[in-house]
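Structural overview for review
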Amino acid sequence: MENQTAEVLVLGAGPGGYTAAFRAADLGKKVVLVDREPALGGVCLNVGCIPSKALLHAARVIAETREMSENGVSFGPPEIDLGRLRAWKDGVVGRLTGGLATLARQRKVTTIRGYGRFTSPHELAVELAEGGAVSVSFEHAIIAAGSEAITLPFIPASDPRVIDSTGALEVEEVPSRLLVIGGGIIGLEMATVYHELGAQITVVELLDQLIPGADRDVVAPLAKRVARLYENVFLRTRVTGVEARPDGLAVSFDGAKAPATDTFDRILVAVGRRPNGSLIGAERAGVAVDPSGFIPVSKQMRTSVPHIFAIGDVVGQPMLAHKAMHEAKVAAEVIAGKNSFFDARAIPSVAYTDPEVAWAGVTENEARAAGVAYGKGVFPWAASGRSLTLGRSEGMTKVLFDEATGRVIGCGITGPSAGDLIAEAVLAIEMGADAADIGLTIHPHPTLSETVAMAAEAFEGTITDLYLPRRRETAR
Amino acid sequence: MTDVSVPDLGDFADVPVIEIHVAPGDVVSNEDPLVTLESDKATMDIPSPAAGTVRELRVKVGDLVSRGSVILSLDTEGAEVEPPPLTDQQEPPTLDAADPVEAAREPAARSIAEAPVAGATAGAGEVGAAAGASAAAGAGAGAEALADFDGVHASPGVRRLARELGLDLTALSGTGPKGRITKEDVIAGVRGPVAAPPAAAGIPQVPAQDFSKFGPVEVRPLTRIQRLSGPALHRSWLNVPHVTHDDEADITDLDAYRRELDTAAKAEGYRVTLLAFLLKASVSALREFPKFNSSLTPEKDALIYKGYYHLGVAVDTPDGLVVPVIRDVDRKGVTELSKELGVTSARAREGKLGLADLQGACFTISSLGGIGGTSFTPIVNAPEVAILGVVRSRMAPVWDGEAFVPRLMLPLSLSYDHRVIDGALAARFARYLCGVLEDIRRLVL
């Protein structure tokens with residue numbers, strides 16, 4: 001391969017990178033997209049969002065068929081063929097990444113497979129996956145180098161029984177006892193999958209709550225369910241050591257309820273992700289990188305070097321594909337001369353656990369900490385006809401409002417499909433909708449989407465599906 | 001590499017970039033124009049401070065800049081660069097400052113934000129600190145405020161439109177439900193604060209239409225010239241009871257004479273056009289009919305007669321119609337007028353006319369002769385009381401009493417303020433004017 005020139009170089013082909021590349025190409029730029037993996041799509045498509053959702057769907061089917069047996073429909077115990085399950089999952093991934101390759105071709109985006117490092121403010125050297133090297137000189141660059149799973153120093157990483165999320169998604173086998181270190185979104189999603197596939201799950205979390213970013217009451221239905229289904233959930237507990245033995249991995253804990261030691265067949269480490277800002281030669285381009293590996297950027301996604309931009313996991317939390325994709329468009333548009341800014345008022349987060357947990361905007365914890373005068377409307381799904389007909393009653397929808405304006409400032413939802421329901425709240429926040437706007441919008445009955453309107457009505461005092469004497473609106 | 005910024009060109013701030021003459025990679029010489037700025041008063045080119053290669057543009061057309069705003073970065077080929085006028089804003093931001101993000105803030109947004117933000121938050125404790133800190137840091141904070149549109153009740157699409165048009169939403173009040181800023185508010189905001197139309201009560205507004213229902217649309221702000229001339233034309237149209245009187249002048253002989261002069265003039269590098277003769281003939285008619293060189297008093301109970309002869313000439317420019325004024329036409333000959341018209345219309349097309357060039361006309365001529373047409377209704381440029389429109393002359397058969405002979409006929413359309421001039425006077429004025437054009441020897445009488 002010959003040396004390349006690009007008007008816009010994009011380093012990293014995850015959701016942020018490919019979106020930036022495609023948008024820049026659509027705005028008339030000559031784009032080169034560099035990624036070290038064979039398939040476009042980054043962690044999200046290849047070893048993240050998408051394959052995990054395929055496995056979570058399988059888990060959901062297993063759970064629902066089991067639960068339905070109590071209601072008169074029995075299928076018998078599931079027979080699980082891991083090979084076919086894996087092949088189906090890989091097929092979904094292949095279809096999506098193949099689609100990306102086509103989209104890149106249609107836009108005449110040049111893709112280079114290899115490890116890219118900056119050598120100057122206008123040049124990137126790529127160590128090609130096929131061998132050899134190539135240099136790309138560029139006018140503008142967009143760094144979308146992503147993040148990687150954090151490893152723990154005291155855990156023998158070379159032991160095949162210690163896996164991260166990528167390894168977990170391979171589902172090589174279902175261990176009889178699995179320890180999940182980290183009670184965040186990734187750890188709990190994988191716990192959901194392996195539990196339904198037959199593993200006994202122990203979750204250990206350093207803080208005093210599962211999914212620490214969300215409000216405790218929003219996480220509570222999930223916490224209650226996993227406490228019942230899983231072998232153990234240890235909060236405020238630290239793993240202090242792991243010893244690899246032939247018969248298993250001996251783990252020592254430091255926590256009130258945890259035993260001093262226990263032995264597991266496998267350990268999934270899901271303690272967070274580390275940005276890749278320090279791995280790409282950014283210093284040779286003059287791009288400032290902070291000690292933790294994040295690249296600070298302006299609201300136009302510009303780094304400390306005006307013609308170099310950065311987006312996605314590498315610029316900061318939350319490390320979410322949908323944040324990266326929006327940042328990508330801002331960077332590409334600014335390069336093309338548009339005056340775009342990243343000014344989203346809410347970035348939704350979703351845990352695709354069972355039940356799902358989703359939240360957006362200000363959480364109650366944050367509102368309290370910031371001294372915001374807020375009000376809330378809460379609707380328990382036990383009063384939702386649709387939820388009950390799905391065989392579930394533990395969900396809840398909570399919407400937070402600014403007391404002064406009545407506008408929606410945050411929302412938390414737990415229950416099946418919470419991840420889909422949260423979008424309405426995000427739109428409401430962006431549009432500056434208030435409780436009346438949502439309550440007066442006719443939602444179809446019976447659906448789970450009604451719960452958002454009901455929560456708004458609960459805040460307004462106009463709800464009739466609950467009896468809330470103190471909140472009841474008097475004659476106006 | 002050097003950053004080139006807007007030098008101190010006088011008392012202005014937040015003026016739009018209307019043209020960019022270079023692109024990244026262009027090689028420029030010292031003093032080559034880089035960009036053109038347009039203030040309310042005039043346009044000006046920012047010259048390159050040195051020879052070099054343009055590395056990166058930091059502004060685009062429509063950006064508002066002030067003294068010190070960085071325009072572009074220049075590779076100066078080792079050449080010496082003149083010391084920049086404002087070094088504190090020219091230096092690359094230092095990254096060990098508390099917030100590297102602040103330091104990296106883009107310069108264009110910075111200049112947009114500077115003025116309104118400083119004004120809006122004056123008095124807050126934070127501003128005192130910013131004012132005391134380096135100019136760059138203060139400007140960075142300003143850009144941040146614009147970027148956030150914090151607390152502004154506007155949807156994402158409206159926020160994006162505001163960014164594209166360089167409008168600070170925090171300074172705008174919304175007309176939508178619950179004070180929401182709508183797309184229409186943003187577009188109106190870009191037009192600038194238009195004085196509430198006093199006649200609005202009496203004039204039914206054209207209802208707004210959502211054209212996007214019918215097909216793709218695009219919103220482009222009017223040029224500065226259009227924004228200024230539109231209200232003036234509307235004012236004249238609503239205030240002046242217009243009548244347009246048409247006539248025709250036989251300019252066969254005049255044209256032959258003009259061609260003679262023009263042939264000689266070409267050798268000297270200027271052109272003699274019909275317009276120069278129209279100016280002279282108009283002055284002659286204005287002298288004969290002084291009412292045409294008057295204006296109504298504001299109380300509309302008297303006429304102000306003018307003892308000078310400054311004539312407006314409508315010039316079509318890429319950005320819209322402008323009417324520069326040729327002064328003291330009565331004291332200038334056709335040759336001098338021809339030269340002056342050439343220079344003036346060139347400056348008008350380049351957008352380089354100043355305010356003084358546009359003031360003081362008694363009467364205006366609008367010529368579409370270069371394009372065509374048979375007649376039209378020019379709008380009187382109030383408080384003037386008449387305007388002469390001319391279209392393309394054409395060869396026509398004219399009965400001379402014995403036979404049809406081919407004569408070059410020039411159609412004239414004279415619009416006038418019927419409060420000052422009645423139809424008979426207008427007809428006499430037009431006849432007189434045609435008479436002068438038909439026999440220009442009368443000009444010397």
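Residues numbered from 1 in each chain as written. Chains lettered and ligands numbered in written order. Predicted model: local features only at pLDDT ≥ 70, side-chain atom pairs only at ≥ 80, totals over all residues.

**A closer look at the overall build of chain A**
Check the secondary structure of chain A and you find 14 helices and 21 strands. Burial status across chain A gives 50% buried among its 476 residues. When contacts within chain A are restricted to residue pairs at least 6 apart in sequence, long-range pairs at least 24 apart make up 65% of them. (Helix = DSSP H or I, 4+ residues; strand = E, 2+ residues; numbered from the N terminus. Buried ≥ 20, exposed ≤ 12 C-beta atoms within 10 Å, placed from the backbone. Contact = placed C-beta atoms within 7 Å.)

**Focus on the overall build of chain B**
Regarding its fold elements, chain B presents twelve helices and 19 strands. Considering chain B as a whole, with its 445 residues, one finds that 31% of them fall into the buried category. Partitioning the contacts of chain B with sequence separation of at least 6, the portion at a separation of at least 24 is 65%.

**What about unusual backbone geometry?**
Residues and elements named next belong to chain A. A cis amide bond links Gln317 with the next residue in sequence, Pro318, at an omega value of -10°. Tracing the backbone through its elements, the reader meets Pro318 in the loop between β16 (308–310) and α9 (321–335). Within the chain, Arg236 stands out as a residue other than glycine whose phi angle is a positive 45°. Mapping Arg236 onto the fold places it in the loop between β10 (232–234) and β11 (238–245). A count of 15 C-beta atoms within 10 Å places Arg236 in the partly exposed class. One non-glycine residue, Met301, lies in positive phi territory at about 70°.

**Observations regarding the nonpolar core**
Residues Leu9(A), Ile143(A), Ala144(A), Phe309(A), Ile311(A), Ala331(A) and Ile422(A) are the most contacted members of the largest nonpolar core, which totals 149 residues. With nine residues, the top contributor of residues to this core is α9(A). Beyond its immediate sequence surroundings of up to four residues, Ile311(A) is in contact with Gly16(A), Ala20(A), Ile142(A), Ala144(A), Met301(A), Ala324(A), Glu327(A), Ala328(A) and Ala331(A). Counting 51 residues, the second largest nonpolar core, distinct from the first, contains Val240(B), Phe277(B), Val283(B) and Val380(B). (Core = buried A, V, L, I, M, F, W, Y, C linked by C-beta atoms within 7 Å.)

**Focus on the confidence of the model for chain B**
Residues and elements named next belong to chain B. Counting all residues, the mean pLDDT for chain B is 78, and 79% of those residues have values of 70 or more. Below a pLDDT of 50 lies the segment residues 78–145, which in the model reaches 103 contacts outside its immediate sequence neighbourhood of four places, other chains included. This prediction of the complex comes with two scores: 0.61 for pTM and 0.77 for ipTM. (pLDDT = per-residue confidence, 0-100.)

**Looking at helix α6 (residues 185–197) of chain A**
Residues and elements named next belong to chain A. Between the first and last C-alpha of α6 there are 19 Å, a value that for 13 residues agrees with the 18 Å anticipated at 1.5 Å per step. Counting buried residues in α6 gives 13 out of 13 residues, a clear majority hidden from the surface. Immediately downstream of α6, the backbone of Gly198 shows phi near 120°, a positive value. (Expected span 1.5 Å × (residues − 1).)

**Things to note about the sheet that holds strand β13 (residues 261–264) of chain A**
Residues and elements named next belong to chain A. Read from one edge of the open sheet, three strands run β11-β12-β13, paired in antiparallel fashion. Taken across any chain shown, the strands that pair with only one partner, and hence form the sheet edges, are β11 and β13. Averaged over all pairs of adjacent strands, the angle between their axes in this sheet comes to 25°, without regard to strand direction. (Pairing = 2+ DSSP bridges. Axes fitted to C-alpha atoms, helices over the stretch in contact; angles between N-to-C directions.)

**A look at the packing of helix α3 (residues 49–68) of chain A against helix α4 (residues 82–106) of chain A**
All names here are of chain A. Remark: α3 packs on α4, axes separated minimally by 9 Å, with the N-to-C direction vectors making an angle of 140°. Relative to α4, α3 is oriented oblique. For the element pair α3 and α4, the recorded crossing hand is right-handed. On the side of α3, the interface is formed by Ile50, Pro51, Ala54, Leu55 and Ala58, while α4 contributes Leu85, Trp88, Lys89, Val92, Val93 and Leu96. Class assignment of the residues belonging to the contact of α3 with α4 gives a composition of ten nonpolar, no polar and one charged. (Parallel < 35°, antiparallel > 145°, perpendicular 65-115°, else oblique. Left-handed = near helix turned anticlockwise from the far one by under 90°. Nonpolar A, V, L, I, M, F, W, Y, C, P; charged D, E, K, R; others polar.)

**Some details on the sheet that holds strand β1 (residues 2–5) of chain B**
The sheet built from four strands is open, its strands ordered β1-β8-β6-β3 (chain B) with antiparallel pairing. Either end of the sheet is taken by a strand with one partner, and the two such strands are β1 and β3 (27–28) of chain B.

**Details of the packing of helix α10 (residues 274–288) of chain B against helix α11 (residues 334–349) of chain B**
Residues and elements named next belong to chain B. Look at α10 against α11: their axes get within 9 Å of each other, and the N-to-C directions meet at 120°. The angle between α10 and α11 falls in the class oblique. In this structure, the crossing between α10 and α11 has a hand that is right-handed. Contacts between α10 and α11 pair Leu275, Ala276, Phe277, Leu279 and Lys280 from the former with Val334, Leu337, Ser338 and Leu341 from the latter. When the residues that make up the contact of α10 with α11 are grouped by side-chain class, the tally is seven nonpolar, one polar and one charged.

**Points about the pairing of strand β18 (residues 394–399) of chain B**
Residue and element names in this part refer to chain B. Buried residues are scarce in β18, accounting for zero of its six residues. Looking at chain direction, β18 and strand β19 (residues 404–417) are connected through six bridges and run antiparallel. The residue bridging Trp399 from the neighbouring strand is Phe404, located in β19.

**Focus: helix α14 (residues 450–460) of chain A**
Residues and elements named next belong to chain A. Along α14, eleven of the eleven residues are buried, which leaves the element largely enclosed by surrounding structure. Buried within α14 are the following residues: Glu450, Thr451, Val452, Ala453, Met454, Ala455, Ala456, Glu457, Ala458, Phe459 and Glu460. Looking at the packing, one finds that the buried side of α14 touches β19 (374–380), α11 (385–389), β20 (396–402), α12 (418–431) and α13 (435–439). Just downstream of α14, Gly461 is the residue with a positive phi angle, here 85°.

**Focus: the environment of Tyr18(A)**
Residues and elements named next belong to chain A. Take Tyr18: it is sitting in helix α1 (residues 15–26). Classification of Tyr18 as buried rests on a count of 30 C-beta atoms within 10 Å. When near neighbours in sequence (up to four residues on either side) are disregarded, Tyr18 contacts Ala13, Leu33, Leu40 and Leu100.

**A few points about the pairing of strand β18 (residues 356–361) of chain A**
All names here are of chain A. Most of β18 sits inside the fold, with six of its six residues counted as buried. The sheet contact formed by strand β17 (residues 349–351) and β18 spans three bridges and is antiparallel. If you follow Val350 over to β18, its bridge partner there is Ala358. Between β17 and β18, which follow one another and run antiparallel, lie four residues. With six bridges joining them, β18 and strand β21 (residues 408–415) adopt antiparallel strand pairing. Directly across from Glu356, in β21, lies its bridge partner Gly415.

**Some remarks on the environment of Thr353(A)**
If you trace the backbone, Thr353(A) turns up in the loop between β17 and β18. Classification of Thr353(A) by C-beta neighbours within 10 Å gives buried; the count is 26.

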